[in-house]
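What follows is each chain in one-letter form.
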Amino acid sequence: GSTTINIQRNPSFSMINSDDINYFRDILDDNTVIQDEDRLSSANIDWMRKYKGSSKLLLLPKDTDEVSKILRYCNSRRLAVVPQGGNTGLVGGSVPVYDEVIVNVGLMNKIISLDKVSGILKCEAGCILQNLDSFLANECYLMPIDLGAKGSCQIGGNVSTNAGGLHFVRYGSLHGNVLGLEVVLADGTVLDMLGSLRKDNTGYDLKHLFIGSEGTLGIITKVSILTPARLSSTNLAFLACEDYSSCQELLLKAKRGLGEVLSAFEFLDTNSMDLVLDKLEGVRNPFPSSLHKFYVLIETTGTDDSYDRAKLETFLVNSMEGGLISDGVIAQDINQASSFWRIREGITEALMKAGAVYKYDLSLPVEKLYDIVVEMQLRLGSSAKVCGYGHLGDGNLHLNISTPNYDDNVFAQIEPFVYEWTAEHRGSISAEHGLGLMKADKIHYSKSTETVRLMASIKKLVDPNGIMNPYKVLPQSIYSP
Ligand code: FAD
Ligand code: S2G
Ligand code: ZN
């Protein structure tokens, strides 16, 4: 693929030996010390099958104490470690670069407690997002994040990547919803920060360091998170627009006109729609014409269905009369709503089926957000299909460039241009997916030298031997003496 790794294996890291295997077999259940080729091969490759490591060992600890023992031992033996969750990450952060030991917390999937009055959930980091949301549904609560990978991603991975997702516009960042964490550091220290208080102003709020740390500062073993009340009425509109300025206008109108009930605002362009219709079974365009330039999904969530529906219908009529939309439909039932979401959530899968994908997850000022898609299509011409979609409500564009195969000429046309363009427009080169391996040497496009230097000092303080998810997030240069 386009990921030629030009990073040397860190010579200070040891190689696994039989004593190590015997040690892990002593402290862990035998069937959680995995050397089986098949299971290792899937743990070594990322979801996009773009990044592949050569780990010889996968460990599946069942509790915090086992994680602590594993890390204390790996730290003393200078064995590098990759924390892994659902392995749905999209920047190569969840798989080894070389032979790092993979530690997957998937067996640590217990729900610890739910405070039914406050909605504060405590659970182990290996809980799968979808399972947590199903558990909460019975208690009339819901997870504050929702992403296409919910069936496999774990809450520990979500916190570690500071995942955004489809409901960010309503429920905000995990930095706001996560109230506490339990984390195990490289030397085995268990940091119990698993508070469940909304307000606690006693010293530095260190849990925030680990939110978005992508496995480079420690392994998250427990999460305490504030879950919003699950409300009774959800409605979803699927709209067609003919230009990007109309999409922006719709966003402004939605924030003002739908206000407190707005719970998602997503958009996709015609290339994204064509790809989904072409590559996914059973998906069809809700409108007779497939010549629309843009599509927008607007979801509202409130407490009075007739009121909410009327509000959305009025919004639709006004938008039509105002020329902002050329067509629009409100889902009549949950099935139709799911078919609308399937179009938006299926783009990632459709891109994988179309061949090679160059993925860019950018935060940009909304008025400029689509310009980079237009620029990129001009640069690449017929050599690639450029798709623009994402969480317009949060100014987050998913710029995905699709080609039949990875092609270095195409890659050279994309990078560093896309990062430079983003930096020029004071955007972020990673809105929600993190930096991982893919963008480990790109942080300077979005963070100042002094800021990166302080991050390096914190990394060295917390993980002096650099064994936690090496080669990722921060540039290699910070490690050279
Ligand atoms: P992994 O992929 O296993 O790991 C991700 C990173 O977290 C790695 O650096 C890993 O080392 C670290 N990590 C994992 N578990 C732990 C732990 N317990 N302690 C410390 N570090 C850990 N992302 C979004 O933000 N928004 C979206 O809308 C979105 N949609 C997606 C749709 C699809 C179809 C797919 C495939 C992915 C999508 N993603 C999205 C990306 C991905 O799902 C998220 O980054 C998710 O949070 C990763 O969770 P995971 O458990 O799979 O973590
Ligand atoms: C989404 C998935 C990643 C991508 O669908 O919101 O986060 O770029 C993305 O396809
Ligand atoms: Zn996304």
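Residues numbered from 1 in each chain as written. Chains lettered and ligands numbered in written order. Predicted model: local features only at pLDDT ≥ 70, side-chain atom pairs only at ≥ 80, totals over all residues. Heavy atoms only, no water.

On to the nonpolar core. Within the largest apolar cluster, 116 residues are counted, with the highest numbers of intra-cluster contacts made by Leu 181, Ile 298, Tyr 360, Ile 372, Leu 399 and Ile 401. When near neighbours in sequence (up to four residues on either side) are disregarded, Ile 372 contacts Leu 362, Leu 364, Leu 397, Leu 399, Phe 417, Val 418 and Trp 421. (Core = buried A, V, L, I, M, F, W, Y, C linked by side-chain atoms within 4.5 Å. Buried < 20%, exposed > 50% of the residue type's maximum accessible area, 1.4 Å probe, protein only. Contact = heavy atoms within 4.5 Å.)

Volume-wise, the second largest pocket comes out at about 680 Å³. Every residue lining the second largest pocket is counted, 28 residues in all, and those nearest its centre are Gly 212, Leu 435, Lys 447, Met 455 and Val 473. Mapped onto the lining of the second largest pocket, the elements with two or more residues apiece are helix H8 (207-210) and helix H17 (449-462). It is H17 that provides the largest number of residues to the lining of the second largest pocket, a total of five residues. (1 Å grid on protein atoms, 1.4 Å probe; cavity = no way out; pocket = protein on both sides within 12 Å on 5 of 7 lines; lining within 4 Å. Points joined across faces, edges and corners; volume = space filled by probe spheres on them. Helix = DSSP H or I, 4+ residues; strand = E, 2+ residues; numbered from the N terminus.)

What follows concerns the packing of aromatic side chains. On inspection of all chains with the given rule, the structure shows 19 aromatic pairs. Relative to Tyr 73, the ring of Tyr 23 lies with its centre 4.0 Å away and its plane at 10°, an arrangement referred to as stacked. Of this pair, Tyr 23 sits in helix H1 (residues 18-27) while Tyr 73 sits in helix H3 (residues 64-77); the two residues are 50 residues apart in sequence, bridging distant segments of the chain. Residue classification places Tyr 23 among the partly exposed positions, given a relative accessible area of 24%. Tyr 73 gets classed as buried once you look at its relative accessible area, which sits at 15%. The interplanar angle of 55° and the centroid separation of 6.1 Å between the aromatic rings of Tyr 244 and Phe 267 together place this pair among those described as tilted. In this pair, Tyr 244 sits in helix H9 (residues 244-258) while Phe 267 sits in strand E11 (residues 262-269), placing the two residues 23 residues apart along the sequence. Through successive ring pairs, a cluster of aromatic residues spans Phe 238, Phe 287, Tyr 295 and Phe 340. One residue, Lys 253, lies across the ring of Phe 315, its end atom 5.5 Å from the ring centre. (Phe/Tyr/Trp six-rings, centres within 6.5 Å; stacked < 30°, edge-to-face > 60°. Lys NZ or Arg CZ within 6 Å of the ring centre and 35° of its normal.)

Close to ligand 1 lie 35 residues; Pro 83, Gly 85, Asn 87, Thr 88 and Gly 89 are nearest. With respect to ligand 1, the side chain of Asn 158 contributes an N or O atom lying 2.9 Å from an oxygen atom. Glu 214 has a polar backbone atom sitting 3.0 Å from an oxygen atom of ligand 1. Its free accessible area being 970 Å², ligand 1 has 96% of it covered by the protein chains. At the level of elements, strand E3 (81-84), helix H5 (155-160) and strand E9 (219-226) are the ones that each hand at least two residues to the shell around ligand 1. (Near = heavy atom within 4 Å. Polar contact = N/O pair within 3.5 Å; in protein donor to acceptor, adjacent residues only side chain to side chain. Areas by Shrake-Rupley, 256 points an atom, 1.4 Å probe, with all protein chains shown as cover.)

Glancing now at the pattern of salt bridges. Across all of its chains, the model carries 23 salt bridges by this definition. Residue Asp 441 pairs with Lys 442 through a salt bridge whose shortest N-O separation is 2.9 Å. For Asp 441, a relative accessible area of 43% puts it in the partly exposed group. Among the ionic contacts, a cluster of salt bridges with common partners joins Asp 29, Lys 62 and Glu 66. (Salt bridge = Lys/Arg side-chain N within 4 Å of Asp/Glu carboxyl O.)

On to the side chain of Asp 463, then. Structurally, the position occupied by Asp 463 is in the segment after H17. The class of Asp 463 is buried, set by a relative accessible area of 1%. Setting aside residues no more than four positions away along its own chain, Asp 463 makes contact with Ala 186, Thr 216 and Met 468.

Moving on: the domain arrangement of the chain. When its domains are assigned, the chain resolves into domain 1 (18-104), domain 2 (111-226), domain 3 (233-347) and domain 4 (355-433). Here the C-alpha centroids of domain 3 and domain 4 sit 23 Å apart. Taken together, the contact pairs 17 residues of domain 3 with 17 residues of domain 4. Each partner contributes to the roughly 1500 Å² buried at the junction of domain 3 and domain 4, and carbon and sulfur atoms together form 60% of this total. Contact with domain 4 buries surface across domain 3, with Tyr 244, Phe 267 and Asn 271 losing the most and accounting together for 37% of the total. Between domain 3 and domain 4 we count zero salt bridges in total. For the pair domain 3 and domain 4, the interface holds ten residue pairs in polar contact (both at pLDDT 80 or more). Of the residues contributing to the side of domain 3 that touches domain 4, the split by class is nine nonpolar, three polar and five charged. (Domains from an automatic or database assignment. Buried area = accessible area lost by both parts, 1.4 Å probe. Nonpolar A, V, L, I, M, F, W, Y, C, P; charged D, E, K, R; others polar.)

The subject of this paragraph is the confidence of the model for the chain. On average, residues of the chain carry a pLDDT of 96, and 98% of them reach 70 or more. As a predicted assembly, this complex carries a pTM of 0.97 together with an ipTM value of 0.99. (pLDDT = per-residue confidence, 0-100.)

Before going further, it helps to examine the sheet that holds E9. Within a sheet, neighbouring strands are paired by backbone hydrogen bonds and run either parallel or antiparallel to one another. On the basis of which strands lie adjacent, the open sheet formed by five strands has the order E5-E6-E9-E7-E8 and antiparallel pairing. Of all strands in the sheet, those bounded by a partner on one side alone are strand E5 (111-115) and strand E8 (190-193). This sheet shows a mean twist of 10° between the axes of neighbouring strands, independent of strand direction. As paired elements, strand E7 (residues 178-184) and E8 share four bridges and run antiparallel to each other. Its bridge partner being in E8, Glu 182 is matched across the sheet by Asp 192. (Pairing = 2+ DSSP bridges. Axes fitted to C-alpha atoms, helices over the stretch in contact; angles between N-to-C directions.)

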